[in-house]
Amino acid sequence: MNKLFTLTATALMLMSATMANAKEEVTLGTWSPWDASTCTVSGNTITASAAWAGVGNWQANGTECADWSDGDYLELDLSNVTGTFNIAVEYNDGKTKDTDGNPTKVDAQTTKGGCAQGDKVAFVPLNSDNSDKVVNLWVQATAANISMTVDKAYLVTEDEYKAYLAEQSKGEQTLWEGESNFGTAWDGSLAVQIPATKFSTAQSGATFTFYYTCNSDAEYSQIKIAGSDWNALSSVKGVNQWGCVDVYGTTSCNTTLSDADLATVQKGGMVVSGYNATLTKVTMKNVDATAIRTIAADEAVKTDDAMYNLAGQRVGKDYKGIVVVKGKKLMR
């Protein structure tokens, strides 16, 4: 009898723990195109034939708004994402109504997120003041002829979101993958725009690697790494006087970013453009914390002023970036 009671109690505890950790699923309604001539919907698959086309998913039901206050973020589980999309949640403020007396959106309350090609999940932070007054969810394409499928939607807590980020921060992460031929005209429409959400797990000292193929006349191939304002990031390694990296006949280049430039892309995203090259992949790898501790421990016993980078290699006085000197990390 005691054994049976113990087994039953254990089972109940496991069920309770599972329920406590379970994400709350959100049932979405039907996706409605803003303009059926530029965006179509098939089930939960959204296909845009023009840039800035989009769809909405209305959450308010008459005078009642959707209540998403159980979460700090909206999580969308995705598949078949072939381009970059903006995602937003719109809210009512408890006062504003349309001509029929129903709650309507207040633009100042809107929160936004996004996804890029190949993404499997996207998060949108929820407005804590009005998350119980959700009226609409929308998705907008940033380029023509791209699509995405929304498989599931969940409300997640801050702790669940941080746990996801912590797991994602391990190892090399793909920020973008595809094939974008920049051509020879510096055509802005061919640039790759990586949304800010892709940099949420980036830490100080992270290495960004850009993979590409150089087209004919490989002695004149360049890429430009910029913020969302299209201004070149000043801390990118090896830039020329025009803020570009001369990549010649190489197939990849890497760089770290200053904390200021990292903050820039975490806020607004990154734009990669180029000349006479085809971008195929962008990755990011955070610094191995164990390696940093090892370097710091080794340097703690040294009495000279030698400087080492985060890979443990000795560097000279002209080196720019994070260095370890006598066990301490410094930015030069």
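Chains are numbered independently. Their residues run from 1 in the order of the written sequence. Per-residue local features are limited, in this predicted model, to residues with pLDDT of at least 70; the limit for side-chain atom pairs, both in listing and counting, is 80 or more; totals at the level of whole chains, interfaces and linings are taken over all residues. Side-chain metrics in this entry use all non-hydrogen atoms of the structure; hydrogen atoms and water are not considered.

### Observations concerning the overall build of the protein
At step 1: Strands here are runs of E lasting at least two residues and helices are runs of H or I lasting at least four, both read from the DSSP assignment and numbered beginning at the N terminus. Secondary structure summary: the protein contains four helices and 23 strands in total.
At step 2: Partly exposed describes any residue whose relative accessible area lies between the buried limit of under 20% and the exposed limit of over 50%, with all areas from a 1.4 Å probe on protein chains only and scaled to the type maximum. For the protein, the proportion of its 332 residues judged to be buried stands at 42%.
At step 3: Here a residue-residue contact requires only that any non-hydrogen atoms of the pair lie within 4.5 Å. In the protein, the proportion of contacts linking residues at least 24 apart, taken out of those at least 6 apart, comes to 74%.
At step 4: Split by element, the accessible area of the protein, about 17600 Å² in all, is 50% carbon and sulfur. Method for areas: the Shrake-Rupley scheme with a 1.4 Å probe, in which residue coverage is limited to the protein chains shown.

### Comments concerning the pairing of strand 9 (residues 121-125)
At step 1: Of all five residues that make up strand 9, four are buried, and the element is covered over most of its length.
At step 2: In this analysis, strands are considered paired if DSSP registers two or more bridges between them. Taken together, the five bridges between strand 6 (residues 73-79) and strand 9 define a ladder with antiparallel strand orientation. Paired with glutamate 75 across the bridge in strand 9 is phenylalanine 123.

### Observations regarding helix 3 (residues 259-268)
At step 1: The set of residues buried in helix 3 consists of Asp261, Leu262 and Val265. For helix 3, the angular spread of the buried residues around the axis is 105°, confining them to a single face. The exposed set on the far side of helix 3, more than 90 degrees from its buried face, consists of Ala260 and Lys267.
At step 2: Buried residues along helix 3 sit against strand 14 (207-214) and strand 18 (270-275). Regarding the arc, it is the one traced by the directions from the helix axis to the C-beta atoms.

### Remarks on the nonpolar core
At step 1: In plain words, nonpolar cores are sets of buried Ala, Val, Leu, Ile, Met, Phe, Trp, Tyr and Cys residues tied together by side-chain atoms within 4.5 Å. Ranked by size, the top nonpolar core spans 30 residues in total, and within it Trp68, Leu74, Val89 and Met148 carry the most contacts.
At step 2: Considering each element in turn, this core owes the most residues, five residues, to strand 11 (residues 146-156).
At step 3: With 26 residues, the next largest nonpolar core counts Trp176, Phe208, Ile225 and Leu262 among its residues.

### Regarding the sheet that holds strand 7 (residues 85-91)
At step 1: Pairing is antiparallel in the open sheet, where five strands are placed in the order 2-5-10-7-8. Sheet topology places strand 2 (32-33) and strand 8 (111-115) at the edges, where each strand pairs with a single neighbour.
At step 2: For strand 7 and strand 10 (residues 134-141), the ladder comprises seven bridges, and the chain directions are antiparallel. Among the inter-strand pairings, phenylalanine 85 is bridged to a residue of strand 10, identified as alanine 141.

### Concerning the environment of glycine 113
At step 1: The residue glycine 113 is located in strand 8 in this model.
At step 2: Glycine 113 sits in the buried class, given a relative accessible area of 15%.
At step 3: Not counting the four nearest positions on each side in its chain, glycine 113 is found in contact with Asn86, Ile87, Phe123, Val124 and Thr197.

### A closer look at the packing of aromatic side chains
At step 1: Only centres within 6.5 Å qualify two rings of Phe, Tyr or Trp (six-membered ring in Trp) as a pair; their planes then separate them into stacked at under 30 degrees, edge-to-face at over 60, and tilted for everything else. For the coordinates displayed, the defined rule picks out seven aromatic pairs.
At step 2: Seen in terms of ring centroids, phenylalanine 123 and tyrosine 161 are 5.0 Å apart; in terms of plane orientation they differ by 70°. Their pairing is edge-to-face. Of this pair, phenylalanine 123 sits in strand 9 while tyrosine 161 sits in helix 2 (residues 158-168), and the two are 38 residues apart along the sequence. Accessibility assignment for this pair places phenylalanine 123 and tyrosine 161 in one class, buried.
At step 3: Within the aromatic cluster, the residues linked to one another by ring pairs are Tyr73, Phe123, Tyr161 and Tyr164.
At step 4: Above the ring of tyrosine 154, the side-chain terminus of lysine 23 is found at 4.4 Å from the ring centroid. Our definition puts a charge over a ring when NZ of Lys or CZ of Arg is within 6 Å of the ring centre and also within 35 degrees of the ring normal.

### Observations regarding the pattern of salt bridges
At step 1: For this analysis, a salt bridge means a side-chain nitrogen from Lys or Arg found within 4 Å of a carboxyl oxygen belonging to Asp or Glu. The final tally for this structure, using the stated rule, is seven salt bridges.
At step 2: Glutamate 75 is paired through a salt bridge with lysine 23; the nearest N and O atoms lie 2.9 Å apart. Separated by 52 residues along the polypeptide, glutamate 75 in strand 6 and lysine 23 in the loop between helix 1 (2-21) and strand 1 (24-25) bring together distant segments of the chain.
At step 3: Residue classification places lysine 23 among the partly exposed positions, given a relative accessible area of 35%.
At step 4: One salt bridge in this structure joins lysine 198 and aspartate 119, with 2.2 Å as the shortest N-O distance. Note that lysine 198 is positioned in the loop between strand 13 (192-194) and strand 14 and aspartate 119 in the loop between strand 8 and strand 9, a separation of 79 residues in sequence.

### Regarding the side chain of serine 221
At step 1: You can see serine 221 is positioned in the loop between strand 14 and strand 15 (222-227).
At step 2: By relative accessible area, serine 221 is classed as buried at 1%.
At step 3: A polar side-chain atom of serine 221 sits 2.9 Å from the main-chain carbonyl oxygen of asparagine 276.
At step 4: The residues touching serine 221, leaving out its near neighbours within four places in the chain, are Cys214, Asn215, Val245, Asp246, Val247, Tyr248, Tyr275 and Asn276. Here a polar contact is recorded for every N or O atom pair within 3.5 Å, except that within protein the pair must consist of a potential hydrogen donor and a potential acceptor, and residues adjacent in sequence are included only if both atoms are side-chain atoms.

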